[in-house]
Amino acid sequence: MEERKIIFSPPDIGEDEIEEVCVALRSGWITTGPRTKEFEKRIAEYLEAPRAVALNSATAAEELNLRILGIGAGDEVLVPAYTYTATAAAALHTGASIRFIDCAKDSLEMDYDALEAAISERTRVIVPVDIAGIPCDYERIYDIVEKKRGLFSPAGNTELGQRIQKSLGRIAVVSDSAHSFGAERKGVMAGMLADFSSFSFHAVKNLTTAEGGASVWRSIPGIDNEELYHWFQLYSLHGQDKDALAKTKLGSWEYDIIAPLYKCNLTDVAAAIGLIQMDRYPKLLDRRHEIIARYDAACDAMGVEHLNHVTAQYRSSGHLYLSRIPKADDEKRREVITKMAERGIPCNVHYKPLPMMTAYKALGFSIAAFPNAYAHYANEVSLPLHTKLSDDDVDYICENYKAVLKECGLS
């Protein structure tokens, strides 16, 4: 078998994206401008969302979602223990406290019974995470927050946040949809499954702007969507009430600073990439699912467990391919990853649970309290999944995975 050099997750950038970036550069608009506004419009249309706000990262999008809700000191945000740090860090940035929820034994989603039991009078937000682009069970989550209405009292450290919380009358569901752009559950697009959602367009994501993200939301009774959009703009641009595009109008030099806020807007150079990626996205999604089908067949034959990306309930975005080796422990899993790398196949682990990380151990968390998260982590291996893989590349990965498992005594 001739050795190949596989890349784990390269961006799929073509000449059309390069040309559009060049056009943007030549136009003179390289910061937030007409392309960013068009990109926001395209995102909203794709998701059937009232509006979308393009930002410089999904982390910024998640944090601004929480700040729009008025989350701050004294509030509690429930997040999965099995996720990337951005999920928890965004809540901590607001001054809120976090509470981790363990995985279910048979799923990377939160243990919904544990989630329900964890809710207190201080709980303001639940942050489900669509790992690998698979939408969570939002019906179950909404059932839980409806049951807990009696514990909820609107708070909010801003006037807007108070109005939103009062209108909802329950804990807000703020999805970390960083992986799930293009996924759907029961015919509803990710982004419209939660009250607020955050997407990532980082270089390793299915649709990229190099760095970038977006916030979207569902319409809330009594809350004007244009007001929400305006406040997202304020939060993302220093609290300045005019962006650079608005200031180009004749005589419109003057602006006000409403509050000393943040700086996390997307640029037109980044949006130029995103606009072309949007044109290509349906085919990119289809190719990911073709690769997933080949992986599924190989893993099933090897007795390797894997996430299901398509069921009667949902179709994922196919962002990551997470597999689990039933007979492996952490030491054996590390051996597998090393031997795959020696054969030119980089693999990864998604994720090392946050209670195992120094920053969260310093906050008093211990992985001992999250046995299911640790069990999922200990034998998980993420295989390369991206649209630049050929069928021959996929076959090479599968054949070598089988050979490595046999060599390690795991098959």
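Residues numbered from 1 in each chain as written. Predicted model: local features only at pLDDT ≥ 70, side-chain atom pairs only at ≥ 80, totals over all residues. Heavy atoms only, no water.

Draft legend 1. Quick look at the sheet that holds strand E11 (residues 213–217). As summarised here, the arrangement of the 7 strands in space is E1-E11-E10-E7-E6-E2-E3, forming an open sheet in which the pairing is mixed. Of all strands in the sheet, those with a lone pairing partner are strand E1 (52–55) and strand E3 (97–101), marking the two edges. Going from strand to strand, the sheet's axes swing by 25° on average, the running direction of each strand aside. When strand E2 (residues 76–80) meets E3, the two strands line up parallel, connected through 5 bridges. Across the sheet, residue Val79 finds its bridge partner in E3, namely Phe100. Along the sheet, helix H6 (residues 138–147) makes contact with strand E6 (123–126) and strand E7 (172–176), crossing E7 at roughly 150°. (Pairing = 2+ DSSP bridges. Helix = DSSP H or I, 4+ residues; strand = E, 2+ residues; numbered from the N terminus. Axes fitted to C-alpha atoms, helices over the stretch in contact; angles between N-to-C directions. Contact = heavy atoms within 4.5 Å.)

Draft legend 2. Representation of unusual backbone geometry in the model. A cis amide bond links His350 to the next residue, Tyr351, at an omega of 5°. Among the structural elements, Tyr351 can be located in the loop between helix H10 (330–342) and helix H11 (358–361). Phi is positive for Glu48, which is not a glycine, with a value near 60°. Relative to the helices and strands, Glu48 is located in the loop between helix H2 (34–47) and E1. Of note, Ala210 is a non-glycine position whose phi angle comes to about 80°, a positive value. If you trace the backbone, Ala210 turns up in the loop between strand E10 (196–200) and E11. Given a relative accessible area of 40%, Ala210 falls into the partly exposed group. (Buried < 20%, exposed > 50% of the residue type's maximum accessible area, 1.4 Å probe, protein only.)

Draft legend 3. Region of the structure containing the side chain of Asp12. If you trace the backbone, Asp12 turns up in the segment before helix H1 (15–27). With relative accessibility at 16%, the residue Asp12 sits in the buried group. In terms of polar contacts, Asp12 uses its side chain to reach the side chain of Thr387, at 2.6 Å. For Asp12, the contacting residues outside a window of four places in its chain are Glu17, Gln277, Arg280, Leu284, Thr387 and Lys388. (Polar contact = N/O pair within 3.5 Å; in protein donor to acceptor, adjacent residues only side chain to side chain.)

Draft legend 4. Expanded view of the pattern of salt bridges. Under the criterion given, the structure shown has 34 salt bridges. Here Arg280 ties to Glu17 by a salt bridge, and the two come within 2.7 Å at their closest N and O atoms. One end of the pair, Arg280, is in helix H9 (residues 268–302); the other, Glu17, is in helix H1, with 263 residues separating them in the sequence. Judged by its relative accessible area of 24%, Arg280 falls in the partly exposed class. Residue classification places Glu17 among the buried residues on the basis of a relative accessible area of 2%. Where Glu76 meets Arg122, a salt bridge forms, and the shortest distance between an N and an O atom there is 4.0 Å. (Salt bridge = Lys/Arg side-chain N within 4 Å of Asp/Glu carboxyl O.)

Draft legend 5. Here's a closer look at the sheet that holds strand E9 (residues 188–189). Strand order across the open sheet formed by 3 strands is E9-E8-E13, with antiparallel pairing between neighbours. Either end of the sheet is taken by a strand with one partner, and the two such strands are E9 and strand E13 (314–315). Where strand E8 (residues 184–185) and E9 come together, 2 bridges link them in antiparallel fashion. Paired with Glu184 across the bridge in E9 is Met189.

Honestly, that's just the spatial picture; any functional story needs more than this.
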